[in-house]
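Next come the chains, spelled out residue by residue.
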Amino acid sequence: MASNEVSVRVPAKVNLQLSVGPARADGFHELATVFHAVGLHDEINVRSRTEGSGIAITCVGEGVSEVPLDSSNLAWQAAALLADTARLEPDIEIRINKSIPVAGGMAGGSADAAATLLACDALWKLDSPRSVLDRLCAELGSDVTFALHGGTAIGTGRGERLTGVLAQGTFHWVFALAGVGLSTAAVYAECDRLRAGEEVEAPSVSESLMQALRAGDPVLLGKSLRNDLQPAAFSLRPSLKRVIDAGDEAGALGGIVSGSGPTCAFLARTAEHALDIAVSLTSTGLVRSVKRTSGPVPGARIS
Ligand code: ATP
């Protein structure tokens, strides 16, 4: 690849547990979550512009009509933030090739931000320390830091404070994709509405989940999946309950709405078992498409 361009591959995430605490004074919720990076990737290519100035974005792939191409794109914001920190003019073209479902609860925008940060850092030969990149990620959004790190990790605070998890083995997943996305802000607002008047406990990650990851035990992991946003996602999109039930009937070890949804994640025993579940889900006609993959996978990497 020419030295005036850099490509980065970055994975999607699923939250194996998403424990949502009370809303904080700044409007965010205190979280305890276990992020798990899976093999659905966006590819970002950043190159110096030969004509014109400033940041230009193009995007190809699935659901791209929903992806903004202006300064509201998280990839744009990542490039602008790094340029500002390094005091340089960002005259670049960012090409996004999307495979991560847009507004699907798999942190696609956050992944693009992390990938752009890494790509621009290499393109501009800044060689920023990891601690600086982590700080910029946290400024860009709650899920961005994890997209840079990948693997399996506990996230606290808004999700941006990461601790690595001792995890063994590979887990096989089936993702059921929906045709129309859900807004993360709307799902959190619905969660608050459903819990109004209730005492909300401090968020926590269960010991059974940690044990499942330490042992590489998919059966225990399937039983330990939990997402506090799921009732809110069901309330806004009642058909999701039917998708989770269909995965259960198809023999999944566990099924969960991914993050704020509407993508649903199902855990399988093996790659063959994942294929069976994918075929069953497809035949229900309830989902737009299914993707099979595994995790954990590494975070954003120059390709
Ligand atoms: P979350 O990180 O909250 O789980 P999500 O995975 O549900 O988010 P994204 O794919 O990140 O959803 O997109 C949410 C919205 O962000 C989109 O509807 C789009 O308008 C906007 N957006 C900004 N930048 C991007 C990007 N690079 N890719 C996709 N969407 C983006």
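Going by the structure above, here's the rest.
Please read these numbers as outputs of a predicted model, since none were measured by experiment.

Rules and cut-offs
- Residues numbered from 1 in each chain as written.
- Predicted model: local features only at pLDDT ≥ 70, side-chain atom pairs only at ≥ 80, totals over all residues.
- Heavy atoms only, no water.
- Near = heavy atom within 4 Å.
- Polar contact = N/O pair within 3.5 Å; in protein donor to acceptor, adjacent residues only side chain to side chain.
- Areas by Shrake-Rupley, 256 points an atom, 1.4 Å probe, with all protein chains shown as cover.
- Helix = DSSP H or I, 4+ residues; strand = E, 2+ residues; numbered from the N terminus.
- Core = buried A, V, L, I, M, F, W, Y, C linked by side-chain atoms within 4.5 Å.
- Buried < 20%, exposed > 50% of the residue type's maximum accessible area, 1.4 Å probe, protein only.
- Domains from an automatic or database assignment.
- Phe/Tyr/Trp six-rings, centres within 6.5 Å; stacked < 30°, edge-to-face > 60°.
- Pairing = 2+ DSSP bridges.
- Axes fitted to C-alpha atoms, helices over the stretch in contact; angles between N-to-C directions.
- Expected span 1.5 Å × (residues − 1).
- Arc of directions from axis to C-beta.
- Contact = heavy atoms within 4.5 Å.

(A) Main features of the site of the ligand. Neighbouring the ligand are 21 residues, the closest being A103, G105, A107, G109 and T184. Side-chain polar atom of D112 to a nitrogen atom of the ligand: 2.9 Å apart, as the coordinates give it. Protein contacts shield 80% of the accessible area of the ligand, which totals 610 Å² for the unbound molecule. Ranked by the residues each element gives to the shell around the ligand, the list is headed by helix α2 (residues 108-123), at 4 residues.

(B) Structural detail: the nonpolar core. Residues L16, I92, I94, W173, F175, L213 and L221 are the most contacted members of the largest nonpolar core, which totals 59 residues. The element that contributes the greatest number of residues to this core is α2, accounting for 9 residues. Of the domains in this structure, domain 1 (5-165) and domain 2 (171-295) are the two that each give at least three residues to this core. The next biggest cluster of nonpolar side chains, apart from the first, holds 28 residues, and it includes A176, A246, A252 and L281.

(C) Quick look at the packing of aromatic side chains. A full pass over the atoms with the stated rule returns 2 aromatic pairs. Between F35 and F146, the aromatic rings sit 4.7 Å apart at their centres with planes inclined by 15°, giving stacked as the arrangement. Highlighted residues: F35 in strand β2 (residues 29-48) and F146 in helix α4 (residues 144-149), separated in sequence by 111 residues. Neither F35 nor F146 differs from the other in exposure class; each is buried. Between W173 and F175, the aromatic rings sit 6.2 Å apart at their centres with planes inclined by 25°, giving stacked as the arrangement. Residue classification places F175 among the buried positions, given a relative accessible area of 0%.

(D) Spatial organisation of the sheet that holds strand β10 (residues 264-268). Overall, antiparallel pairing links the 4 strands, which are arranged β9-β10-β7-β11 in an open sheet. Edge positions in the sheet fall to β9 (254-257) and β11 (289-295), since each has one partner strand and no second. This sheet shows a mean twist of 25° between the axes of neighbouring strands, independent of strand direction. Strand direction decides the pairing type here: strand β7 (residues 171-177) and β10, joined by 5 bridges, are antiparallel. By the bridge assignment for β10, F175 is matched with A265.

(E) Seen up close, helix α10 (residues 271-284). Here α10 is 14 residues long and its end C-alpha atoms lie 20 Å apart, about the 20 Å a rise of 1.5 Å per residue gives. Burial in α10 covers these residues: H273, A274, I277, A278 and L281. Mapping the buried residues of α10 onto a view down its axis gives an arc of 140°, with all of them on the same face. Residues E272, V279 and S283 are exposed on α10 and point more than 90 degrees away from its buried face. At its buried positions, α10 is contacted by β7, α9 (239-249), β10 and β11. Just downstream of α10 lies G285, where phi reads positive at about 75°.

(F) Local environment of helix α3 (residues 130-140). If you check which residues of α3 are buried, you get L133, L136, C137, A138 and L140. Against α1 (74-86), α2 and α4 lie the buried residues of α3.

(G) Representation of the environment of I154. In this structure, I154 sits in strand β5 (residues 152-157). Spatially, the C-alpha atom of I154 lies 36 Å from that of E89, the residues being 65 residues apart in sequence. Excluding residues that lie within four positions of it along the chain, I154 makes contacts with T33, V34, R161, L162, T163, V165, V205 and M210.

(H) Up close: the pairing of strand β1 (residues 5-23). Across the 19 residues that make up β1, a large majority, 16, are buried. What sits between the antiparallel neighbours β1 and β2 is a turn of 5 residues, in which G27 has the positive phi angle 95°. In this sheet, strand β12 (residues 301-302) lies alongside β1 in antiparallel orientation, the contact comprising 2 bridges. Within the sheet, the bridge partner assigned to R9 lies in β12 and is R301. By the bridge criterion, 2 bridges tie β1 to strand β8 (residues 226-227) in an arrangement that is parallel. Residue pairing in the sheet places Q17 in a bridge with R226 of β8.

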